[in-house]
Amino acid sequence: MRLEVITPMAVCVDRPVRRIVAEGPEGHFGMLPGHVDFVSQLAPGILLYETEEGGERFVAVNSGTLVKCGDEVRVAVRGAVDGDDLPRLRAKVEAEFRQHDEEEREARAALARLEASMVRRFRDLGMQSS
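Residues numbered from 1 in each chain as written. Predicted model: local features only at pLDDT ≥ 70, side-chain atom pairs only at ≥ 80, totals over all residues. Heavy atoms only, no water.

1. Quick word on the overall build of the protein
A count of helical and extended segments in the protein gives 1 helix and 9 strands. Listed N to C, the secondary structure of the protein is β-β-β-β-β-β-β-β-β-α in terms of helices and strands. Taken against the 2.2 N^0.38 rule, which gives 14 Å for 130 residues, the C-alpha radius of gyration of the protein at 21 Å runs more than 25% over that of a compact globule. Taking as baseline every contact in the protein between residues at least 6 positions apart, the subset at least 24 positions apart corresponds to 48%. Put simply, the protein shows about 8,600 Å² of open surface, and 55% of that area lies on carbon and sulfur atoms. Taking the average location of the 18 positive side-chain charges in the protein and that of its 23 negative ones, the two points are 6 Å from each other. (Helix = DSSP H or I, 4+ residues; strand = E, 2+ residues; numbered from the N terminus. Rg over C-alpha atoms; globule rule 2.2 N^0.38 Å. Contact = heavy atoms within 4.5 Å. Areas by Shrake-Rupley, 256 points an atom, 1.4 Å probe, with all protein chains shown as cover. Lys, Arg positive; Asp, Glu negative; His and termini not counted. Charge placed at Lys NZ, Arg CZ, Asp CG, Glu CD.)

Right, here's the structure in full:
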């Protein structure tokens with residue numbers, strides 16, 4: 001099978017694999033070559049895959065969708081972090097979440113400044129037309 005994990009910004013994984021284990025709304029499920037085609041929502045968590053060489057790797061995924069069609073397994077998620085060591089993967093995910101939280105805070109602050117500026121301009125326009 002070929003596994004492709006994509007986010008809006010990048011392709012996180014694109015490689016042949018022997019086995020995939022993921023978590024959907026109903027719980028964990030596994031896939032081997034020849035598995036029936038299907039589509040599933042993914043719960044935030046860890047997607048495990050076995051490489052052709054026999055090693056296990058992990059992908060921390062945000063919620064998304066998995067589509068299995070023929071030998072292709074495509075996973076589209078909002079965020080993904082690939083790794084082969086769970087403790088290091090956890091640290092990477094926590095660091096990325098902190099960075100995303102900070103970026104969101106900065107974006108909200110910029111939006112609040114923009115809204116305040118627009119309100120002042122509308123108020124100034126209202127005073128000028130009186």
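2. Structural notes on the environment of D71
For D71, the location among the structural elements is in the loop between β7 (64–69) and β8 (72–77). Under the relative-accessibility criterion, D71 is labelled exposed at 52%. C-alpha of D71 to C-alpha of H35: the two residues are 36 residues apart in sequence and 8.7 Å apart in space. Once you skip the residues sitting within four places of it in the chain, D71 turns out to touch M1 and R2. (Buried < 20%, exposed > 50% of the residue type's maximum accessible area, 1.4 Å probe, protein only.)

3. Examining the environment of I6
Position of I6 relative to the elements: it lies in strand β1 (residues 2–6). Spatially, the C-alpha atoms of I6 and T51 are 18 Å apart, while their sequence positions differ by 45 residues. Setting aside residues up to four positions removed in sequence, I6 forms contacts with V11, V75, A76 and V77.

4. Things to note about the packing of aromatic side chains
On inspection of all chains with the given rule, the structure shows 1 aromatic pair. Here the aromatic rings of F29 and F38 are separated by 5.5 Å at their centres, their planes lie at 80°, and the arrangement is edge-to-face. Relative accessible area serves as the criterion here: at 22%, F38 is assigned to the partly exposed category. (Phe/Tyr/Trp six-rings, centres within 6.5 Å; stacked < 30°, edge-to-face > 60°.)

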